[in-house]
Amino acid sequence: METVTTKNALRTALERARSDGDSIGLVPTMGAFHDGHISLMRAARERCDFVVVSLFVNPTQFNDAADLDSYPIDHERDSALAETAGVDLLFIPSREEIYPTDFSTTVSVTGVSKTLCGHSRGPQHFQGVATVVTKLFNLVQPDLAFFGQKDAQQVAVIKRVVRDLDFEIEIVVCPTVREPDGLALSSRNTHLTPVERERATALNRALTAASEIARGGEGSAAALKQVALDELAESEIEPEYVELVSPETMQPVEAVEGSALLAIAAHVGQPRLIDNAVITTNGSQ
Ligand code: AMP
């Protein structure tokens, strides 16, 4: 595995791969790798000849300076994990490399980025995500790019950017990797105290409870949300949101028609956690 820190070195390494006729896969990350990240790298390894992972804690998508400052960084550990996962090229740029002085262009996605986390974290969150991912797409020009279903709204935003800005990139969405007790893996989980870690399992229980009543034929948003809220309340979690939305538009729906996404965001102690499940009235994914 080669590690590069500049755009020039990245381009040079990619030119070599491209001249060999390799298909290129990109996995954008903010580091602090866990098995969720590794699953994306392995999926990229399976589908592409040349796998690029970017590791950049993107300041423009943070609405909370403390959250940004406390973001775990361990490049040595991450490099070793990426190498084991079969990554070919690790791109770890500095902030200045990505955002030169007087950086003034942003990619702003309306509609799909305004609900859920776009509402609770503010408009700059998905604007930051869309801008940095657009830059990475331009720099790497991958054939495929890999994202996790755990960040379902991010996936919807990026798919919209790809469609609207005519990127010829296939977006591959990988399933959420969970702890044995159901908690979705997240770099934020390391900030949970043991008691909070236990309470945090309520997010997945809430999604599972809603999926179960959906399997029994209940499709109304009100009923599904109430079941999820009850489960969260048992662990004394007051969510930021529990919302049933269209998986493509991220707009709230009154009932499951075909399939819908039940999405949750909640602070469990300090850490802010998100999770979601695709709900269908004859079962959920
Ligand atoms: P992050 O480093 O948090 O920006 O995440 C980088 C990528 O990993 C994103 O596409 C996330 O959706 C994905 N990801 C994060 N957690 C998980 C998980 N538990 N399972 C699968 N993918 C994940």
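This one's a predicted model, so the numbers in the text were calculated from it and none came from an experiment. (Residues numbered from 1 in each chain as written. Predicted model: local features only at pLDDT ≥ 70, side-chain atom pairs only at ≥ 80, totals over all residues. Heavy atoms only, no water.)

Colleague: Teacher, can you tell me more about the site of the ligand here?
Modeller: Surveying the vicinity of the ligand reveals 17 residues, the closest of which are Met30, His37, Asp151, Val177 and Leu185. Glycine 148 places a main-chain nitrogen or oxygen 2.9 Å from an oxygen atom of the ligand. Coverage of the ligand by the protein chains reaches 93% of its 490 Å² of free accessible surface. Put simply, the parts of the chain that give the shell around the ligand at least two residues each are strand 2 (24-29), helix 2 (35-47) and strand 5 (144-148). Per-element accounting of the shell around the ligand gives the leading share, three residues, to helix 2. For the shell around the ligand, the class distribution of residues is eight nonpolar, seven polar and two charged. (Near = heavy atom within 4 Å. Polar contact = N/O pair within 3.5 Å; in protein donor to acceptor, adjacent residues only side chain to side chain. Areas by Shrake-Rupley, 256 points an atom, 1.4 Å probe, with all protein chains shown as cover. Helix = DSSP H or I, 4+ residues; strand = E, 2+ residues; numbered from the N terminus. Nonpolar A, V, L, I, M, F, W, Y, C, P; charged D, E, K, R; others polar.)

Colleague: Would you take a moment to explain the pattern of salt bridges for this structure?
Modeller: Pairing between side chains of opposite charge can happen when their charged atoms approach one another. Evaluation of the coordinates by the stated rule reveals 12 salt bridges. Of the charged contacts, one joins aspartate 78 and arginine 77 as a salt bridge, the two residues approaching to 3.4 Å between their closest N and O atoms. Given a relative accessible area of 1%, aspartate 78 falls into the buried group. Judged by relative accessible area, arginine 77 falls into the partly exposed class, the value being 41%. Taking the shortest distance from any N to any O, the salt bridge between arginine 197 and aspartate 181 comes out at 3.0 Å. Of this pair, arginine 197 sits in helix 9 (residues 194-215) while aspartate 181 sits in the loop between strand 6 (170-174) and helix 9, and the two are 16 residues apart along the sequence. Arginine 197 sits in the partly exposed class, given a relative accessible area of 22%. One salt-bridge network, held together by shared partners, links Asp67, Arg121 and Arg188. (Salt bridge = Lys/Arg side-chain N within 4 Å of Asp/Glu carboxyl O. Buried < 20%, exposed > 50% of the residue type's maximum accessible area, 1.4 Å probe, protein only.)

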